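# Chain and residue survey
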Amino acid sequence: MFDPHGPHAAAVYWRRRLVLLVSIVVLLALIALTLRFVLARSAAPAAAGPSAPGSTSSAPHAPLTTGRSSAPVRPRAPARRPASALRSAFRSAPAAAPLSTSRLCDPAQLIVAARTNSSSYPVGSHPVLMLQVTSTAAAPCLQDLADRQIVLRVYNGVSRVWGSHDCLSVPGAAMRTLKPHAPVRVSVVWSGRSSQPRCAGNRVQIIAGTYTLYASLAGKDGAAAQFAVH
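## Thoughts on the overall build of the chain
Per the secondary structure count, the chain includes two helices and 12 strands. Listed by position from the N terminus, the elements making up the chain come as α-α-β-β-β-β-β-β-β-β-β-β-β-β. Residues classed as buried in the chain amount to 22% of the 230 residues present. The contacts in the chain between residues at least 6 apart in sequence include a share of 65% that link residues at least 24 apart. Of the roughly 16800 Å² of accessible surface on the chain, a fraction of 62% belongs to carbon and sulfur atoms.

This is the structure:
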């Protein structure tokens, strides 16, 4: 093999063997490249293809990245409102109502008294009868001055003549702020006719005489007031 013999010169046979060897090497290289290309094409769809329908992945999603860096993409912060817009929104918001800091009045710090708008009345007139309350507390306080809390009674000697709740009692509440040492009055116009509890019996016009008015607030009695009917 390494010592060619024939009718031609030895160089001719060496050239033929060299061409054949190169041809074999080139053929093997082409075959290798072809196989590599075919394997790469067959593997690419399997790697990049979509997952099977209905399948879900339990792996956590990787953070979004840009083409230049592997750091997570941060969401853009909302645009800040101009200071003038914020001031306008603040001015247009309704102001909250101030909270009352008054406390309920202590009955021990209340002075209750009966009052009338005159010391004498003619028969058949309509006297104005009043309850007066004064707070001796150092700060303002709240007191319910509703009709159901106030009781006015008129006596002629020891005989009861009239009561403010005999025929009518108005329900509800009426909270009032009592300032220190500032008297507050609640008045009732009396028809000058007698009455009994539950509006029983007949109501008659009172006669001339001396009468006494008693007043109480939430069960606390006050000083009485006298007036005359002539």
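We are not done yet, so read on.
## Remarks on the pairing of strand β10 (residues 209–217)
A regular strand carries its side chains on alternate faces of the sheet. When strand β6 (residues 150–156) meets β10, the two strands line up antiparallel, connected through six bridges. Each bridged residue has a counterpart across the sheet, and for V154 the counterpart in β10 is L213. Bridging between β10 and strand β12 (residues 225–229) involves five bridges; their strand directions are antiparallel. Paired with L213 across the two strands is A225, which belongs to β12. Looking at chain direction, β10 and strand β11 (residues 220–221) are connected through two bridges and run antiparallel. In the sheet register, S216 faces β11, and the bridge partner there is D221.

## Comments concerning the state of the cysteines
Throughout the structure, instances matching the rule amount to two disulfides. The disulfide that involves C105 links it to C141, with 2.0 Å between the sulfurs. Between C105 and C141 the sulfur-sulfur dihedral comes to about 90°; the bridge is accordingly right-handed. Here C141 lies in strand β5 (residues 141–144) and C105 lies in the loop between β1 (103–104) and β2 (110–116), a separation of 36 residues in the sequence.

## What about the sheet that holds strand β8 (residues 175–178)?
Taken together, the three strands give an open sheet; going across it, the order is β1-β5-β8, and neighbouring strands pair in mixed fashion. Taken across any chain shown, the strands that pair with only one partner, and hence form the sheet edges, are β1 and β8.

## Observations concerning the nonpolar core
Judged by nonpolar contacts, the single largest core of 26 residues is most densely connected at V154 and F227. Sorting the residues of this core by element identifies β2, β4 (128–135), β6, β7 (159–163), β10 and β12 as the ones contributing at least two each. In terms of residues, this core owes the most to one element, β10, which gives four residues. For F227, the residues in contact, after removing those within four places along its chain, are T116, S118, S119, Y121, L129, V154, W190, G209, T210, Y211 and L213.

## As for the pattern of salt bridges
Summed over all chains, the structure comprises two salt bridges. Ionic pairing is found between D144 and R148, a salt bridge with its closest N-O pair at 3.5 Å. Owing to a relative accessible area of 10%, D144 belongs among the buried residues under this scheme. Of the charged contacts in the structure, one is a salt bridge between D166 and R160, with a shortest N-O distance of 2.8 Å. By relative accessible area, D166 is classed as buried at 7%.

## Points about the environment of P127
With respect to the element layout, P127 can be found in the loop between β3 (120–121) and β4. Taking relative accessible area as the criterion, P127 reaches 2% and is therefore assigned buried. In sequence terms P127 and V229 are 102 residues apart; their C-alpha atoms lie 9.6 Å from each other. Those residues in contact with P127 that sit more than four places away from it in its chain are N117, Y121, V188, V189 and W190.

## Overview of unusual backbone geometry
In this structure, H181 is a non-glycine residue whose phi angle is positive, near 60°. Of note, H181 is situated in the loop between β8 and β9 (184–189). Residue class for H181 comes out exposed when judged on its relative accessible area of 57%. Phi angles above zero are rare outside glycine, and C199 is one such case at about 60°. You can see C199 is positioned in the loop between β9 and β10. Take C199: its relative accessible area is 36%, and that puts it in the partly exposed class.

Reading the values: rules and limits
Residues numbered from 1 in each chain as written. Predicted model: local features only at pLDDT ≥ 70, side-chain atom pairs only at ≥ 80, totals over all residues. Heavy atoms only, no water. Helix = DSSP H or I, 4+ residues; strand = E, 2+ residues; numbered from the N terminus. Buried < 20%, exposed > 50% of the residue type's maximum accessible area, 1.4 Å probe, protein only. Contact = heavy atoms within 4.5 Å. Areas by Shrake-Rupley, 256 points an atom, 1.4 Å probe, with all protein chains shown as cover. Pairing = 2+ DSSP bridges. Disulfide = S-S within 2.5 Å. Core = buried A, V, L, I, M, F, W, Y, C linked by side-chain atoms within 4.5 Å. Salt bridge = Lys/Arg side-chain N within 4 Å of Asp/Glu carboxyl O.

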